[in-house]
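What follows is each chain in one-letter form.
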Amino acid sequence: MANVHKDFHGALSYGIEYLHERSGDEGVRAFFSGLAGTVYRPLVEDLRKRGLPALREHWQRIFDLEGGVIAFEMQGDALVLTVHRCPAIAHMREQGYAIAPNFCEHTRIVNDAICKAAGYAASVEYNQVEGRCVQRFWKAAS
Amino acid sequence: MISCTEFIWVYSELFRYLDERGGKDEVFAFWKGISDNFLGNLREYIRTEGLKGMHKYWTHTLGEEGGRSILTLYDDTFIIDMHDCPSARLVHQSGRVAPYESYCEHCRHLYPPLIREYGYEVDYDVISCEKGRCRMTVKRPPGAVTPDAPARASDS
C-alpha cells in the first residue's frame, strides 16, 4: 500500500502560489500541462488503451487512499466523478495551511492535459471553499 | 486532484521546470520560500520543545512517508540516519520521471537554515542521492541558548 503523507498537499499549494507569483496563469498552466507527458504518462496510456474505466479506477484508488468521499455515474457516454469531500482541501483546512486561491485549477489543467493526450476531453466545476467538485470525462470527437 | 502519493514526482518536475527557466537561483529561491512559508509546524515543534520537537516532527512525517531511517535523540543532539529515503527512491528508482539532478539538495535548503535560527548547529550530508542515503546531525553547542536550553536569569 502506498504511503500517505497529506502534508504534501500543502507543499503543492505553496508551489502553485509560487509559480503564479512568478509567471502568472500561463506559468501554472505550462507546468501542470506538462505533467501529462511525465508523471501521468502511464495514466494517459491506460486511458488510451482501456478508455474511461482506466480513469474511474485511478480516481477510486486515489480517493480511497486519501479518504475522500466520491461518487461515480455515467451520463450518456460521459463518466461523472462527484467529489463530496476533497481530502486535499480538508487536510489543508484541518492543518491550517494557506490554500492557494487558484488551488483547484490544477485539477482542470491536469485533467485537460491527460485527456487531450489520450483522445478524451474533461470539464470540472468546483467549489474550493467547500472542497467539492464535479468532474466529467468523455471521448473527444475525432 | 494530484494525490499526495504522486506529489514527489511533481515536486521533482517543478524543480526541473524552475531550473530550466530561471536556473539554480530560481530553484534555491523556491526552496527558501518553502522553508520560510510552509514549515510552520516544524518551527512550532522546535520553538516549544527544541531537539525533542524535531524528533517528534520527523517521527510523524517519516512514519507517514515510509522508507527506512533511524532517528536518534541525545540530550544535546538529534540525528536522522536515512537509509532508504522514500522520496529519493520514488524519484530515482521508479522510472516515472527523469530524476532532477539536484533533487536531494532541497533538504539542505529547507531544514538546516531553519533549525540554525534557533541556535543549533546542523550538518547535512548526502551520502548517495540515488540510493536515498543521507544524515542530518543537529547539535546544541555548549552554552548556546536554544528553546530547550533557555538563558538562565543569572546569565542575563
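Above this note sits the structure.
The rules behind the values
Residues numbered from 1 in each chain as written. Chains lettered and ligands numbered in written order. Predicted model: local features only at pLDDT ≥ 70, side-chain atom pairs only at ≥ 80, totals over all residues. Heavy atoms only, no water. Contact = heavy atoms within 4.5 Å. Buried area = accessible area lost by both parts, 1.4 Å probe. Salt bridge = Lys/Arg side-chain N within 4 Å of Asp/Glu carboxyl O. Polar contact = N/O pair within 3.5 Å; in protein donor to acceptor, adjacent residues only side chain to side chain. Pairing = 2+ DSSP bridges. Helix = DSSP H or I, 4+ residues; strand = E, 2+ residues; numbered from the N terminus. Axes fitted to C-alpha atoms, helices over the stretch in contact; angles between N-to-C directions. Phe/Tyr/Trp six-rings, centres within 6.5 Å; stacked < 30°, edge-to-face > 60°. Buried < 20%, exposed > 50% of the residue type's maximum accessible area, 1.4 Å probe, protein only.

What follows is about the interface of chain A and chain B. With 39 residues of chain A in contact, the opposing surface of chain B contributes 29 residues. A combined buried area of about 3,100 Å² lies between chain A and chain B, and 67% of that area is made up of carbon and sulfur atoms. Joining chain A to chain B, the criterion identifies 1 salt bridge. In this structure, the salt-bridge partner of Arg 22 of chain A is Glu 26 of chain B, at a minimum N-O distance of 2.8 Å. Counting across the interface, chain A meets chain B through 14 residue pairs in polar contact (both at pLDDT 80 or more).

This part is about the sheet that holds strand β3 (residues 120-127) of chain A. Whenever strands of a sheet pair, they do so through backbone hydrogen bonds, lying parallel or antiparallel. All names here are of chain A. Spatial ordering of the open sheet is given by β1-β2-β4-β3, a layout of 4 strands whose pairing is antiparallel. Edge positions in the sheet fall to β1 (69-75) and β3, since each of these pairs with one other strand and no more. Taken pair by pair, the neighbouring strands of this sheet meet at an average axis angle of 15 degrees, ignoring direction. Bridging between β1 and strand β2 (residues 78-85) involves 7 bridges; their strand directions are antiparallel. Across the sheet, the residue bridging to Ala 71 is Thr 82, located in β2.

The next subject is the packing of aromatic side chains. Scanning the model with the defined rule gives 20 aromatic pairs over all chains in all. Judged by centre distance (5.0 Å) and plane angle (90 degrees), the ring pair of Tyr 57 of chain B and Trp 58 of chain B falls under edge-to-face. Across the pair, exposure class does not vary: Tyr 57 of chain B and Trp 58 of chain B are buried alike. Here a set of aromatic residues connected by ring pairs shows up, and it is made of Phe 8, Tyr 14 and Tyr 18 of chain A together with Phe 7, Tyr 11, Phe 15, Phe 28, Phe 30, Trp 31, Tyr 100 and Tyr 103 of chain B.

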